[in-house]
Every structure is written in C-alpha cells, then in structure tokens.
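Reading the structure
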Amino acid sequence: MDLIKTAVLVYDTLTLPFYYLIQKPWKRRSDRPTARLVKESPDLEYLVRVGDAPKSHLDHYENVSQAMSDVCARYSSQKCFGVRECIFEEEIPIEKGKVHKKKVLAPAYRWYTYSQVDVMIDALMRGLRESGLEPGSRVVIFSETRMEWMLAFHSLVRMNCTVVTLYSNLGRDGILHVLNEVEAQFAIVSSEVLSKVKLISKDLKYLSNIVVIGPENSAANPGGLEKFTIETFGSIMSKGSESGHLLKPSSPKSSDIVLIMYTSGSTGIPKGVQISHRNFISSTRSMVTIIDQYGQCRTGHYIAYLPLAHVFECFVESTLLWMGHSIGYSNPLTLTDSSPALKEGVKGDLTTLQPILLCGVPLVLDRIRKEVTKKVESGGGLKEKLFKFSVDYKNYWLSKGYRTPILDRIVFKQTVAALGGHCEVIVSGGAPLSLATQRFARACLGADLVAGYSATECASSGTCMDIGDPTIGNVGAPLYGIKIRLVAWADGSYYPTDKPNPRGEIVIGGDNIAMGYFNNPEETKLSFKEEYGERWFYTGDIGEILPNGSIKIIDRRKDLVKLQLGEYISLGKVEAALLGHPLVDFVCLHGDSLHNFPVALIVPNAQGLLALAKSLNLHNKTIDELCEDPTIIETAKVSITQYSGKVGLNKYEVPQRIKLCKEEWTPDSGLVTAAMKVRRNEIRKFYCEDLKHLYGGENFDQNQNMRKV
C-alpha cells in the first residue's frame, strides 16, 4: 500500500500543472461569496444570494393552472412523463403463507409528450366533473409516486380544487385524521393502499367517492367499501374523453389555496400546511436558481421515486416539469438491479432510465453507502485499503476544485453504474446528511452532490449549494427570492452578533412562505409572523452564516438537551452521525438533565447484526435473540463508541449505553413518521421501562427529553 501511495504522489507532482490548466479549479473555489447580508434598518438584517436571478417564463405565471397549460403548449412535442410498464407479476411463496411479489418490467420506458399529458389532464378534469366533483372542493390524493399522481394533481388544479396530500405509508390514525379534518368527499387512491382505507371506512365522516389508480379490476368487489362510489382512474379518463361537457380551466386567484400538504408529524399530529398559488409559483421560481445551473436544455432524464406527498419531491418535479425536462417514474422497490420487487435478471429503473439528475434523502444515501462499504469490507486486505484510500484521495482533490477521471474509471466504475452510469447531479434534502455519507457519495457516485435546506412551511424553497461547490457540511446560500435572517436564542447562547460567525434561529421570508396551518390558528400564530412588511417562518433550526454566505445547520431548538453537568447536545446531530454506522438502521438518542450521559435506542440492520453474530461465533440465534444477547450488545456499543470518535462526536455526545430494539419502527407502529423520521415522544413512551433500565433503574426526566421554547 505504501508503494501505491508513493506512486500516486509522484503522478500528482508530475501532472498537477496539466490538471490545473485543463480543469480550471479556480472556477470552483469554495471561498467565493454566494450570499451577502443586507442591513435594511437597525433592526432588520437578512441574507440574500448574490448576483442576478435567472430569467424564465416562470416569471409571468400567476397561478399553477396557467403555468401548466402554458408549458404543455411551449414544449408540446418534447418528452414529459415516462413510465415502465409491468409485463407480469409472479408471486413467490415464503414462510407462514406470505408471498413475495416479483415483477418483470418492460425493457424500456414508455414516454408521453407534453401535448399528450395536456390531453390526459383535460380528460381527467372532465371525467371528475361528470362524476360529481364540484370545482373548489378539497380532494385527497393518497398514492405512491407515479405519473397518475401528477395527472390527478393538475386536473384538480384546473378545476380550482384544493389538493390534499397523504403519504402512502401513513399509519391508520394519520389517514383518518387527515380525511376527516379536511372534510374531503372525493379521494384519489392507488390500489396498493386501498386496503388502508377499508380499515377506517366506518370512521370516515365525509368521504363518498373513491377513484382507484390501478388495473381496471382494482375496484371490483371492494369488500368493506360498499358505502362509497368507486370508479377507476382509467374509467374516469375515458368518461372525460367522451364527454361533451364544456368545462373551461379555472383561473384561480394567487391567494387561493392550491395545496394542503401535511407535515410528517414527528412531534405530534400532522399539521396541514396551506400553500397558495403565489407560494407555489414563487417557490418554483426560486428553484430555478439550481435548475438553471443544471441546464435548461439537457437531453437526460430525472428519475422520480421519492414520495410526491413530501414537499421536496413535489416541488422539484414541478420546477423541472415547467422548465421542459423529462421525468421517468420509479419506486424504491424497483430502483436498482437488486431491488426486492424485481425478478432476478430484470434491470432496475436506474439502469434502464440512466438519469442525469436525481434527488436523494439521507436515508437512501446512507443505505447505499452501507451496502457498498459492506461489499468492499467483505473483500478485505488490500482491496479494502485501496478503496478507503481512493475515497479520501478523491475527496481531497474535490475540495481543491479538481476532478479525478482516471480514478473514477478504475476504482469507482461499479459504484457509478449503480445509479445508471450517467448521473451528474444528486440533490439531497429532507433531513440532515452526515459528513461521512456526504464524502462517500461525492467520491463514489460520480455526481455533484448538493445539499439543500427548507421546510414544508416554506414550500420547499430555502437554501441550496451551487452545483460544483467543493465544500461539505453546509446547505448553501439562499435561493433567489428568499431572505434569511438569524434571531437570537438566549437559552442556547446563540446570537447574530457571535464571532467569528453570526449564529441564531433561522427565519425564512419571501412569497414562498405558506399561508399557515389548516384549521390550526394557534400553531400558525406561533410559527408564522408578519414583520417588517414581510411574511416569515420561524424554523426552530439553529444556523451559522459562514464567511462566503453559506449556511451551516448547527442545532435545533426542539432537539437540544442539557445534561447534568451543563453540556448541551443536539439529538438530531448525533443521530445523523450514528446513522452512518453499518449496524444502525434507526436510532433515537435520549438525554436529560438528571444524568451526565445520553443513551441510544437502536434498530439494528439485520444483515449487519448477523455478520456481527458470525464474527462472535454466535450461531443459530434469531434476530430477536441477538438483540438481547449481552455479548452482541457490548460489542455493538464498543463499535459505536469507536465510530463516534471517527466522525467527530464529542465524548459527552456518545451514548454510553444502548438498547438493540427488535420491534419494527414503521409509520403503522407510530414510532416513525411517514417520512421515516423518529417520533421522540412516542418512542420515549414505548420504551419507558427500557430507558429506566439503561439508566441503572433510576428515573429519567421524561419532560426534558426535548427543550420546548
């Protein structure tokens, strides 16, 4: 290995002048200013992006209906939506009468042009009107990500209906709460989640009509749904195509609510964020900041697989759509060649579509990293050392603004192929991304990885790194049209006057800020403020403004805990770091002022746990038994402690005791949200006795797990 490092050093010394002239690393300098502070008055100072905002046709739209109609005419002959049809599905029996469904998918995507999409949207709008839907109604879309989701959304918007979103993996209580709270009479539901509606059908007070997305027989014999009028998506569209009913698209006001998007509910019942047409259009204009860097006339595709019910995916897709890009639909179960829903030998959607742009949440990127790391470590010896050296080497040169084309072809060819081989940009959002995963993704996936930051309440527009930014650990500068200011938080000792960098709670302002929470004036008043002639959202996140104007997220008010000896720890920060450990699938950290150390509840990765058991010669034990084995627990704790030091956690942030949880953390169990974020209060209640045991039988302060401000 030393010989290889020496050879690399000699090569770098000889070739650096050529790389400098060819790659022009100064164009990707990390010190160039990306944002500047504007002092409007003695009391008001905010951060805005430097330079001129990109100009586009989005500047002239007043509402979502107008925007979609215009782009369908503007890009009429170009590819718009792509789907990969299922040729057949095979059921493979497994234990206890269960079956695994394995799909054989078409070898290529089928594409619809913008003009064809426009015709389908119009037909669906007319069909829904024929079925009794009144313009201006609230309609729920309850489906996984697919083309029909977007068709339904835009057909409803053309009728000036308000669309309400539901995560396809939402638990029973959440589904019932949303459907009853918005008093929806119509719901558009995919056949995959229709069974969830059946379970709560008796408790639904207002729902009367269900449109089922799926095969034409998916609405047949719907046992348990007899009280509803049920039609298929296809029949509605056919009805609309044949209809002679003259129904012109509506022209809603910019202040009308176009979307009620429910938050994940990590700290309680999901809240419905009301997004107006003005908010929606403003957000997409801001996102053009990054889309413009990506390129307006690219021939490659975007792959859509994240939940459209989440603000991140919904607004990224909308912006790309309005800028004339093509979107190919997928889902996590068919994404890669080794996806669990694909029959052996069938290519995954990434390999088939070969996208040049995708969005990734930390959960997905963490799992890719663990899978690759596990394969490399299984090779051991020189192969493992060479791979780790290559990752460090590439990250070093990326930080200087250089590319490593030879290394990419020799070492990272297979990892790049995992994303289809042509991916150029990955946008990460939705949750904090650990530094370890960020370094791994930048080195191994062959794409520019840019992190962004926002919230549902900001219609997904906040900050984002520039494409090609060589730095890590920050979320970039405000998008154009966005203002960000820092507000002091005395309890955490964060002030905008801090040196060397200003710190404080991040407050976002602009036309993208939502109209408030549906049917919840109390929460609206707490989080949304009209100040200085602007509408602002108080995020609860603590940020630091770096010298070049980028923002670094350093804490969260609701996640900050004070230990017995006075140290503050950020639960979310530590959890994001620990998720990079190969043994960790989920983690919930607990700390309070009655003790001087935190503890951790961990859902272990099954394969990682079995590998650990094998290394300890603990054979013939089930996953449940391994979770309770003292040797496994102690070995896991030592490994996690060592890993914590490597990723830069302070000693007082490292969990001193852990519990390996055998229970599944799912939205149905109530322990995680539909966006797969931990629900601290519910987890703390469920594991109350276990937490007491982790603290040696002593009580713990259940009320101080999260500092409420």
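Everything below is about the structure printed above this text.
1. Here we look at the state of the cysteines
Under the definition given, this model contains zero disulfides. Take Cys72: it sits in no disulfide, and the sulfur closest to it among the cysteines is that of Cys80, at 6.1 Å. Judged by relative accessible area, which is 2%, Cys72 ranks as buried. Of all cysteine sulfurs, the one in Cys314 lies closest to Cys161, which takes part in no disulfide; the gap is 16 Å.

2. Thoughts on the sheet that holds strand S30 (residues 657–660)
Here three strands make up an open sheet; going across it, the order is S28-S29-S30 and the pairing mixed. The sheet terminates laterally at strand S28 (584–590) and S30, the two strands that pair on one side only. Strand-to-strand twist in this sheet, taken as the mean axis angle between neighbours without regard to direction, amounts to 25°. Bridge analysis of S28 against strand S29 (residues 599–604) gives six bridges, and the strand direction is antiparallel. Bridging across to S29, Val584 finds its partner in Pro604.

3. Re the environment of Glu457
Inspection of the secondary structure puts Glu457 in the loop between strand S18 (448–453) and strand S19 (463–464). Sequence separation between Glu457 and Leu342 is 115 residues; the distance between their C-alpha atoms is 37 Å. Those residues within four positions of Glu457 in sequence are excluded, and the remaining contacts are Thr263, Val273, Asn512, Ile513, Ala514, Tyr517, Phe528 and Phe537. At 2.6 Å, the side chain of Glu457 and the side chain of Tyr517 are in polar contact.

4. Here we look at the pairing of strand S7 (residues 138–142)
Counted residue by residue, S7 has four buried out of five residues, so it is predominantly covered. As defined by bridge partners, S7 adjoins strand S8 (residues 162–166) across five bridges and the pair is classed as parallel. Of the residues in S8, the one forming a bridge with Arg138 is Thr162. Handedness of the crossover joining S7 and S8 through helix H4 (residues 147–158): right-handed. Across four bridges, S7 lies against strand S9 (residues 186–190) in parallel orientation. Looking at S9, one finds that Phe142 is bridged to Val189.

5. Quick word on helix H9 (residues 311–322)
Across its 12 residues, H9 extends 16 Å between first and last C-alpha, which sits within 8% of the 16 Å expected from 1.5 Å per residue. Of all 12 residues in H9, 12 are buried; the element is thus mostly enclosed. All of the buried residues along H9 are Val311, Phe312, Glu313, Cys314, Phe315, Val316, Glu317, Ser318, Thr319, Leu320, Leu321 and Trp322.

6. Observations concerning the side chain of His590
Here His590 lies in strand S28. Taking the relative accessible area as the measure of exposure, His590 reaches 3% and is therefore buried. For His590, the side chain forms a polar contact with the side chain of Asp592, separated by 3.1 Å.

7. Some thoughts on the sheet that holds S7
Spatial strand order, S11-S10-S9-S7-S8-S12-S13: seven strands in an open sheet with mixed pairing. Each end of this open sheet is capped by a strand with a single partner; those strands are strand S11 (229–232) and strand S13 (272–276). Across this sheet, the average inter-strand angle for adjacent strands is 20°, counted without regard to direction.

8. Side note on the side chain of Asn63
For Asn63, the position within the fold is in the loop between strand S2 (44–49) and helix H2 (64–74). For Asn63, a relative accessible area of 3% gives the class buried. Within polar-contact distance, the side chain of Asn63 engages the backbone oxygen of Pro252 at 3.2 Å. Residue contacts for Asn63: discarding those within four places in its chain leaves Ser251, Pro252, His277 and Ile281.

9. Quick word on the environment of Asn617
Counting through the fold element by element, Asn617 comes out in the loop between helix H18 (606–615) and helix H19 (623–628). Sequence spacing of Asn617 and Leu358 is 259 residues, and the spatial spacing of their C-alpha atoms is 42 Å.

10. Digging into the pattern of salt bridges
Taken as a whole and assessed by the stated rule, the structure comprises 30 salt bridges. A salt bridge links Glu689 to Lys692; its shortest N-O distance comes to 3.9 Å. Placement of the pair is Glu689 and Lys692 together in helix H22 (residues 688–694), with a separation of three residues, close to one helical turn. Judged by its relative accessible area of 54%, Glu689 falls in the exposed class. You can call Lys692 partly exposed: its relative accessible area is 24%.

Rules and cut-offs
- Residues numbered from 1 in each chain as written.
- Predicted model: local features only at pLDDT ≥ 70, side-chain atom pairs only at ≥ 80, totals over all residues.
- Heavy atoms only, no water.
- Disulfide = S-S within 2.5 Å.
- Buried < 20%, exposed > 50% of the residue type's maximum accessible area, 1.4 Å probe, protein only.
- Pairing = 2+ DSSP bridges.
- Helix = DSSP H or I, 4+ residues; strand = E, 2+ residues; numbered from the N terminus.
- Axes fitted to C-alpha atoms, helices over the stretch in contact; angles between N-to-C directions.
- Contact = heavy atoms within 4.5 Å.
- Polar contact = N/O pair within 3.5 Å; in protein donor to acceptor, adjacent residues only side chain to side chain.
- Right-handed = clockwise from strand over helix to strand, strands pointing away.
- Expected span 1.5 Å × (residues − 1).
- Salt bridge = Lys/Arg side-chain N within 4 Å of Asp/Glu carboxyl O.

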